[in-house]
Structures are given as structure tokens and as C-alpha cells.
Amino acid sequence: MSSHNGSRLPALLQEHEEELLRAWVQDQTQALATGQGRITETELREQSREFLGLLRRAAQDGDLTNIRGPAWQEVQQSLASLSKTRARQGFTPKQTAGFVFSLKRPLFSILAKEYQSDPAALGEETWTITALLDELGLQTADAFIQSREEIISRQQEEMLELSTPVVKLWEGVLALPMIGTLDSARTQVVMESLLQRIVETGAEVAIIDITGVPTVDTLVAQHLIKTVTAARLMGADCIISGIRPQIAQTIVHLGVDLGDVITKATLADAFAVALQRRGLTLTASRPRP
Amino acid sequence: MTIQVDMHDRLALALQEDLTARISATSARGVLIDISSLEVVDSFIGRMFANIAAMARVLDATTVVVGMQPAVAITLVELGLSLPGVRTALNVERGMALLQTSLDGAGEEDASGVP
């Protein structure tokens, strides 16, 4: 059987399947030995066998020069999911695209034997197959990069969610421990969750603790002031705590005006002020030794 | 579009007139504006509140805005309107308590106890 383009690829893939598979898996195992990714030989063999099958069918039914055609859908999907898996398993883009590229050597040695007596045909066949495998390999690399980017953006989202909890310290007193840098996106999330909690708990005081914020520049200060103002519009007062000495210096040097926002060095001090605000005092239930 | 803007203007002016008239008619010392059903706000409405509070102050009444929704608060802050001079509270009960304390503190010579 030959493909639409008169290439003998499908026939070759069928006749020499075992030999091809063996040589290919061997080459791949060598290439994948370095680096952080790990894959069992069984899994590798299965992946390779499946790919050869899909390749044969697609080469049989489709146009070898156009991998966007419908006959190549399955091959493309299989490569895309392989990329995702390899990305997760910790392989490099080269090792992932190499899945396709490493097929060239064993395939060409079979071609050489097949077309021994016909150099012209050998040249043409070699070119067709090279172009095809190059396309597929590059597409695999693209898919790999895309899935890496998806992983990164999902991690970013998770980090954003994790890092802005609003906790209830006491009746009517909320605390926001901020960790990490404060950018516009995060400020938005912080403002929304704080205001939501104020409504839910009817809190009158919110303590924003910035012990975990490494640097405060004018932009960060602006974001803080925005958050305080928003909370105030909802009827809750804010106290900013956890101001380290360096931060205090920076704030003064930058000429940032915190207005009449109460600031305290530690969360403990801020908590004391919050209790006072609510008209509560702490008394010892047992005399201290 | 044009009609909406006109109505906005007229509505705002009407509100301001009504309010100031009522304040002076009843000698009210406090104004409670409940915006808990206001879901969307723009700079126009923001300024309107500030104006109402200022007018009320001229008539010796304190204004408290209650029931502001989170989305509204965020919008106002993003628009740069912090509404200084306008006191706020989470709900009507708190708002009344706030007015009471501000009246008790300020009007010691006025013992009529107007709610």
C-alpha cells in the first residue's frame, strides 16, 4: 500500500514495525536517560507503538504534506497529550519533541535498505518523510510549551488565592495577614474578600498586617490606602500593623501620607487597640505567678 | 442615552431639594441614607452624596450612609472618591447608633432627644 503521494511509508511502517520499534525505543531510552524526567521502558514502548500505528493510518489515508488535514487529527491529539504528560513528568522540550525526531534514524536506515537500487526515489522519499517528521516534532514542542504556560498560570492563580486569607480575630475584629508583594491584581482580590467578610461578619475593625510584605513603595502604599478607604466606606476602621523599622523609614522618605490611618508596629498592639475600640478589656482569670 | 442623563440630573436635584426641605421643616439633626439596594454607582452619584452631606451639615444635621455594598465601595475607591465628611456604617442599626453618639456628643444643650 502506498499513500496519496506515492510514498511507500505506510507499507514500510507495516512491514518493519517490530524492527523499527525496537531500534526507536533503544535510541529514545538513551536520549531520555539524562535529566530529571522518568519514564518506564514499558510505557515508552507503548507510547511508541501507539504512535507508529497512528502514523501508519494517517500516512495511509491522508496527505503526507499537509498535517492539518482530518486524517492527521488522531496523530496530533496523541502528540499533544504526550507533550502534556512529558511536561508533567519533568522532561525538557528537547526530550519531548525528540520523541518524533528520534524516529528518523531507524526509519532512514530501513529506507536505505529498501531503496538501495534507486537513489533518486530514496532522495525523494527521505525528503518527504523528513518534512513530515519535522512538522510533527515542532508541533510537539509547541504543545509542550503551551502546557507549561498553562501550568504556570494555574499556579499563579492558586498562589493568589492562598495568599489572601481574611481571619476573624474576635467578635467584630478581622485580620488580614499579607504575605509577599502587593500588586494591583492582589489588591483587588484582597479588597473584595475583605469587604465580603466585613459584610458577612459585621466587623467594625480590620487589622491589615504587613509583616510579610518585603518592601513598601509608593505603589504598595497606594494599594494599602485604597483598601483602607474601601473598608471605611463600609463602616469598618482599619489598623495597619507589622510595620518594620525599615518600612517606617521608607514611608517617611517617600513622603507617603497615610492620612489618619492608625498604624502599629505589631499585630498584638493593633489587637489591643481593636479591643479598646469595641469597648472590651482583658482581665486575668488567674493571678499570674 | 440622553434621557437617562437628564433623569439622573433631575432625580438628583429633586432628592437634594426634598432632603434639605425636610431637614429644615422637621429640624432634623441626623440623616440616614440607606443605599443597600444600590448596586451600581458612578462618580455622579458619589458627588451627589458628598453634596447632600455638605448641605445637611450647613443645616446642622449629620449624614450617615449605610448599607454600602462591597462592589459599590470598590468602585468609589477606584474612582478616587473617598467621600470625606460622610460617615458610614454597615447597616441601619449601626447607622442609628452612630447618629445617636454623634448627637449626644455634639448637642449637649439640646435635650429634646430627636430620634
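Residues numbered from 1 in each chain as written. Chains lettered and ligands numbered in written order. Predicted model: local features only at pLDDT ≥ 70, side-chain atom pairs only at ≥ 80, totals over all residues.

Asks: I'd love a proper account of the overall build of chain B, names of residues and values included.
Replies: If you tally the helices and strands in chain B, you get 4 helices and 3 strands. Ordered by position in the sequence, the α and β elements of chain B form the string α-β-α-β-α-β-α. Long-range contacts, defined as pairs at least 24 residues apart, comprise 82% of the intrachain contacts of chain B with a sequence gap of at least 6. (Helix = DSSP H or I, 4+ residues; strand = E, 2+ residues; numbered from the N terminus. Contact = placed C-beta atoms within 7 Å.)

Asks: Explain the overall build of chain A residue by residue, including any values.
Replies: Scanning chain A from terminus to terminus reveals 11 helices and 5 strands. Across the 289 residues of chain A, 30% fall into the buried class. (Buried ≥ 20, exposed ≤ 12 C-beta atoms within 10 Å, placed from the backbone.)

Asks: Give me the environment of Ala80(A): which residues, what numbers.
Replies: All names here are of chain A. Among the secondary structure elements, Ala80 is positioned in helix 4 (residues 73–89). Given 17 C-beta atoms within 10 Å, Ala80 falls into the partly exposed group. As for Ala80 and Thr140, which are separated by 60 residues in sequence, their C-alpha atoms are 6.3 Å apart.

Asks: Give a description of the nonpolar core that names residues and reports values.
Replies: Counting 61 residues, the largest nonpolar core has Ala206(A), Ile207(A), Ala231(A), Met234(A) and Ala73(B) as its most contacted members. A per-element tally of this core places helix 9 (residues 218–233) of chain A first, with 6 residues. Residues Leu13(A), Phe51(A), Ala97(A) and Leu107(A) belong to the second largest nonpolar core, which totals 25 residues. (Core = buried A, V, L, I, M, F, W, Y, C linked by C-beta atoms within 7 Å.)

Asks: Describe the confidence of the model for chain A, listing the residues and the values that go with them.
Replies: On average, chain A scores 86 in pLDDT, and the residues at 70 or more come to 97%. Across chain A, strand 4 (residues 237–241) of chain A holds the top mean pLDDT of 92, while helix 1 (residues 9–15) of chain A sits lowest at 85. (pLDDT = per-residue confidence, 0-100.)

Asks: Any details on the sheet that holds strand 3 (residues 87–89) of chain B? Residues and values, ideally.
Replies: Residue and element names in this part refer to chain B. Here 3 strands make up an open sheet; going across it, the order is 1-2-3 and the pairing parallel. Sheet topology places strand 1 (30–34) and strand 3 at the edges, where each strand pairs with a single neighbour. Taken pair by pair, the neighbouring strands of this sheet meet at an average axis angle of 25 degrees, ignoring direction. Bridge analysis of strand 1 against strand 2 (residues 62–66) gives 5 bridges, and the strand direction is parallel. By the bridge assignment, Ile33 is partnered in strand 2 with Val65. (Pairing = 2+ DSSP bridges. Axes fitted to C-alpha atoms, helices over the stretch in contact; angles between N-to-C directions.)

Asks: So what's going on with the interface of chain A and chain B? Residues and values would help.
Replies: The partner chain B presents 12 residues to the 13 residues of chain A that form the contact. Sorting the residues of the side of chain A that touches chain B by element identifies helix 8 (184–201) and helix 9 of chain A as the ones contributing at least two each. Of the residues contributing to the side of chain A that touches chain B, the split by class is 6 nonpolar, 4 polar and 3 charged. (Nonpolar A, V, L, I, M, F, W, Y, C, P; charged D, E, K, R; others polar.)

Asks: Please give an account of the sheet that holds strand 4 of chain A that cites residues and values.
Replies: Residue and element names in this part refer to chain A. Spatial strand order, 1-2-3-4-5: 5 strands in an open sheet with mixed pairing. The strands lining the two open edges of the sheet, one partner per strand, are strand 1 (167–170) and strand 5 (262–263). Direction of pairing for strand 1 relative to strand 2 (residues 173–179): antiparallel, over a ladder of 3 bridges. Residue Val167 lies in a different strand from strand 2, and its bridge partner there is Ala175. Sheet strands in contact with helix 8 are strand 1, strand 2 and strand 3 (205–212), and its direction is about 165 degrees off that of strand 2.

Asks: Go over the pairing of strand 4 of chain A, please, and point to the residues and values.
Replies: All names here are of chain A. Of all 5 residues making up strand 4, 4 are buried, and the element is well covered by its neighbours. The sheet contact formed by strand 3 and strand 4 spans 5 bridges and is parallel. The partner of Ile208 across the bridge, within strand 4, is Ile240. Once you follow strand 3 into helix 9 and on to strand 4, the crossover reads as right-handed. Handedness of the strand 4-helix 10 (residues 245–254)-strand 5 crossover: right-handed. (Right-handed = clockwise from strand over helix to strand, strands pointing away.)

Asks: Before we move on, could you go through the environment of Ile23(B) and cite the residues and values that matter?
Replies: Residues and elements named next belong to chain B. Looking at where Ile23 falls in the secondary structure, it is placed in helix 1 (residues 2–26). Separated by 33 residues in the primary sequence, Ile23 and Ala56 place their C-alpha atoms 7.5 Å from one another. Setting aside anything within four residues of it in sequence, one finds Ile23 in contact with Ala28, Val31, Ala56, Leu59 and Ala61.

Asks: Please provide a residue-by-residue account of the packing of helix 8 of chain A against helix 9 of chain A, values included.
Replies: Residue and element names in this part refer to chain A. Where helix 8 meets helix 9, the axes come as close as 10 Å, and the angle between the chain directions of the two elements is 20 degrees. The angle between helix 8 and helix 9 places the two elements in the roughly parallel class. Where helix 8 crosses over helix 9, the handedness of that crossing is right-handed. Packed against helix 8, whose contacting residues are Ser184, Thr187, Val190, Met191, Leu194, Leu195 and Ile198, the element helix 9 presents His223, Lys226, Thr227, Ala230 and Ala231 at the interface. (Parallel < 35°, antiparallel > 145°, perpendicular 65-115°, else oblique. Left-handed = near helix turned anticlockwise from the far one by under 90°.)

Asks: Describe the confidence of the model for chain B, and please don't skip the residues or the numbers.
Replies: Detailed reading of predicted coordinates is not advised where the pLDDT is low. All names here are of chain B. Scored by pLDDT, chain B comes out at a mean of 76, with 83% of its residues at no less than 70. When mean pLDDT is compared element by element in chain B, strand 3 scores highest at 87, while helix 1 scores lowest at 73. For residues 1–6, every residue scores under 50 in pLDDT, and the model assigns this stretch 0 contacts once sequence neighbours within four places are set aside. For the stretch residues 107–115, pLDDT sits under 50, and the model shows 3 contacts to residues farther than four places along the chain or on other chains. The complex prediction reports pTM at 0.58, with the ipTM value standing at 0.72.

Asks: Give a detailed account of the pairing of strand 3 of chain A, specifying residues and quantitative values.
Replies: All names here are of chain A. Taken across its 8 residues, strand 3 has 6 buried, putting it largely inside the fold. Across 6 bridges, strand 2 lies against strand 3 in parallel orientation. Bridged to Leu176 within strand 3 is Ile208. Chirality of the crossover, the property in question, places the unit of strand 2, helix 8 and strand 3 among those that are right-handed.

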